[in-house]
Amino acid sequence: MGDIDMINRDPNNINGHLGTLIFTDVIGEVDGAHSIDCVYTCSYKCYECWKGLCYKIATLCCGICIAIEWGCEFAAIAFCHIWCISPCMKIVDINCGLCTRIYRLCIDCCCTPCYESMGGIFHHFGKK
């Protein structure tokens with residue numbers, strides 16, 4: 001496990017759809033409908049303050065517990081894949097390989113001689 005990048009905390013852009021959640025992405029006053037400058041400025045500061053504060057409180061209260069749950073969930077998925085799904089897929093792969101050999105043998109023994117005979121017959125129709 002490497003060091004945690006404390007600057008870029010979403011290096012794979014998992015939550016890129018959230019954008020930056022900046023004030024102007026949420027609140028936009030069109031021309032002709034402007035609030036008083038001090039109201040707009042104060043609204044901006046309140047928005048940024050409360051967005052950050054609420055997010056920090058939510059992560060403080062729930063982040064560790066949720067991380068534990070997701071860690072357990074992904075551990076369970078890994079366990080199921082390693083100990084159940086992959087071995088089952090190997091069994092299916094082995095059995096399908098056997099079924100393929102049996103099918104190919106049946107085709108080669110039963111159908112191929114007929115097809116080759118019919119091909120030989122029709123081959124002579126094509127000659128002039």
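All values derive from a computational prediction rather than experimental measurement.

In this section: the overall build of the protein chain. Assigned secondary structure in the protein chain consists of 2 helices and 0 strands. Over its C-alpha atoms the protein chain spans a radius of gyration of 33 Å, topping by over 25% the 14 Å that the globule rule assigns to 128 residues. Projected onto its principal axes, the C-alpha coordinates of the protein chain cover approximately 95 × 50 × 25 Å. As presented, the protein chain carries roughly 11600 Å² of accessible surface, and 70% of it is formed by carbon and sulfur atoms. For the protein chain, the distance from the average position of its 9 positive side-chain charges to the average position of its 13 negative side-chain charges is 17 Å.

As enumerated under the stated definition, the model contains 1 salt bridge in all. For Lys51, the salt bridge identified is with Glu48, shortest N-O distance 3.4 Å. A residue pair is termed a helical-turn pair when its members lie 3 or 4 positions apart in one helix, as Lys51 and Glu48 do in helix H2 (residues 37-126) at 3 residues.

Take the state of the cysteines next. Evaluated as defined, the whole model comprises 0 disulfides. Of all cysteine sulfurs, the one in Cys49 lies closest to Cys54, which takes part in no disulfide; the gap is 8.7 Å.

Turning our eyes to something else, we now look at a nonpolar patch on the surface. Nonpolar side chains collect at one region of the surface, where Ile66, Trp70, Phe74 and Ile77 lie side by side and expose about 430 Å² of accessible area between them. Counting through the fold element by element, Trp70 comes out in helix H2.

Overall, the coordinates contain 4 aromatic pairs when judged by the stated rule. Between Phe23 and Tyr44, the aromatic rings sit 5.5 Å apart at their centres with planes inclined by 85°, giving edge-to-face as the arrangement. On the criterion of sequence distance, the pair formed by Phe23 in helix H1 (residues 23-26) and Tyr44 in helix H2 is long-range, its members being 21 residues apart. Considering the side-chain rings of Phe23 and Tyr47, the 5.5 Å spacing of their centres and the 65° angle between planes classify their relative orientation as edge-to-face. A residue pair is termed long-range when its members are at least 10 positions apart, and Phe23 in helix H1 and Tyr47 in helix H2 qualify at 24 residues. Members of the aromatic cluster, joined through ring pairs, are Phe23, Tyr40, Tyr44 and Tyr47.

Another point: unusual backbone geometry. One non-glycine residue, Asn13, lies in the positive phi region at around 55°. Relative to the assigned elements, Asn13 resides in the segment before H1.

Reading guide: rules and limits
- Residues numbered from 1 in each chain as written.
- Predicted model: local features only at pLDDT ≥ 70, side-chain atom pairs only at ≥ 80, totals over all residues.
- Heavy atoms only, no water.
- Helix = DSSP H or I, 4+ residues; strand = E, 2+ residues; numbered from the N terminus.
- Rg over C-alpha atoms; globule rule 2.2 N^0.38 Å.
- Areas by Shrake-Rupley, 256 points an atom, 1.4 Å probe, with all protein chains shown as cover.
- Lys, Arg positive; Asp, Glu negative; His and termini not counted.
- Charge placed at Lys NZ, Arg CZ, Asp CG, Glu CD.
- Salt bridge = Lys/Arg side-chain N within 4 Å of Asp/Glu carboxyl O.
- Disulfide = S-S within 2.5 Å.
- Patch = residues over 30% accessible without salt bridge, like charges linked within 9 Å, V, L, I, M, F, W, Y side chains within 5 Å.
- Phe/Tyr/Trp six-rings, centres within 6.5 Å; stacked < 30°, edge-to-face > 60°.

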